[in-house]
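Structural description and commentary
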Amino acid sequence: DDLTLTAAGDLVLAVTGSVTGNITGDGTDTFKGFLQSITTTTTTPVTVTAANSGSTYVSYGVAAGAANCVFNLPTCAAGLTYTFVDANSTAADDLWVTANTGDKINNGTAAKSFVNTGDVYGASVVLIGIDSTNWIAIPGAIGTWANDNN
């Protein structure tokens, strides 16, 4: 019995492993008791997957000799959401988020990057896919972020 309806009307699902499919609420429902997935790295590049939508990626800088920490986004799809945090303030060790072939970030050039160049510890941005080719940075980004269209 992995599915229980309590006297209070709460649906309890107890699963070991993975659950696939869709859960649809009425717009007022919430999920409680879940931790957000955090992936930390000092290596580059990092391949971001659609299966990790909702995750936060943290760069602590990269190993000596590597210039920047690069996160490669999956093919854009409406609703995919990621948070990127630069937990490093070393000059020339910037956090880059690169769009997949044909995709754009903040209406930049396809397959190019959105870059934190401010060297500010704790700089962060949330990117959300709004359709099949466009990523948008949600207002409220911390730090200096810009499109690198080179």
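This text gives an overview of the structure that appears in the document. (Residues numbered from 1 in each chain as written. Predicted model: local features only at pLDDT ≥ 70, side-chain atom pairs only at ≥ 80, totals over all residues. Heavy atoms only, no water.)

The next point concerns a nonpolar patch on the surface. Together, Leu3, Leu5, Leu11, Leu13, Val15 and Val19 make up a nonpolar patch on the protein surface, roughly 610 Å² of accessible area in all. When contributions to the nonpolar patch are tallied by element, the ones reaching two or more residues are β1 (3-5) and β2 (11-13). By secondary structure assignment, the location of Leu3 is in strand β1. Under the relative-accessibility criterion, Leu3 is labelled exposed at 55%. (Patch = residues over 30% accessible without salt bridge, like charges linked within 9 Å, V, L, I, M, F, W, Y side chains within 5 Å. Areas by Shrake-Rupley, 256 points an atom, 1.4 Å probe, with all protein chains shown as cover. Salt bridge = Lys/Arg side-chain N within 4 Å of Asp/Glu carboxyl O. Helix = DSSP H or I, 4+ residues; strand = E, 2+ residues; numbered from the N terminus. Buried < 20%, exposed > 50% of the residue type's maximum accessible area, 1.4 Å probe, protein only.)

Taken as a whole and judged by the stated rule, the model has seven aromatic pairs. Their ring planes at 20° and their centres at 5.6 Å tell us that Phe114 and Trp145 sit as a pair that is stacked. Placement of Phe114 in strand β10 (residues 113-116) and of Trp145 in strand β13 (residues 145-148) is noted, with a sequence separation of 31 residues between them. By relative accessible area, which is 13% here, Trp145 ends up buried. Through pairs of rings, three or more aromatic residues link up here, namely Tyr57, Phe71, Tyr82, Phe84 and Trp135. (Phe/Tyr/Trp six-rings, centres within 6.5 Å; stacked < 30°, edge-to-face > 60°.)

Moving on: the pairing of β10. In β10, alternate side chains face the same way, and those of Ser113 and Val115 on one face and Phe114 and Asn116 on the other are all buried. Where strand β8 (residues 95-98) and β10 come together, four bridges link them in antiparallel fashion. Bridge pairing in β10 links Val97 to Phe114. In the sheet, β10 pairs with β13 via four bridges, with the strands oriented antiparallel. Note that in β13 the partner of Ser113 across the bridge is Asp148. (Pairing = 2+ DSSP bridges.)

Attention now moves to the sheet that holds strand β7 (residues 81-86). Strand order across the open sheet formed by six strands is β3-β5-β7-β11-β12-β9, with mixed pairing between neighbours. In this open sheet, the two edge strands, each paired with only one partner strand, are β3 (38-41) and β9 (104-105). In this sheet, strand β12 (residues 134-137) lies alongside strand β11 (residues 123-129) in antiparallel orientation, the contact comprising three bridges. Paired with Ile128 across the two strands is Ile136, which belongs to β12.

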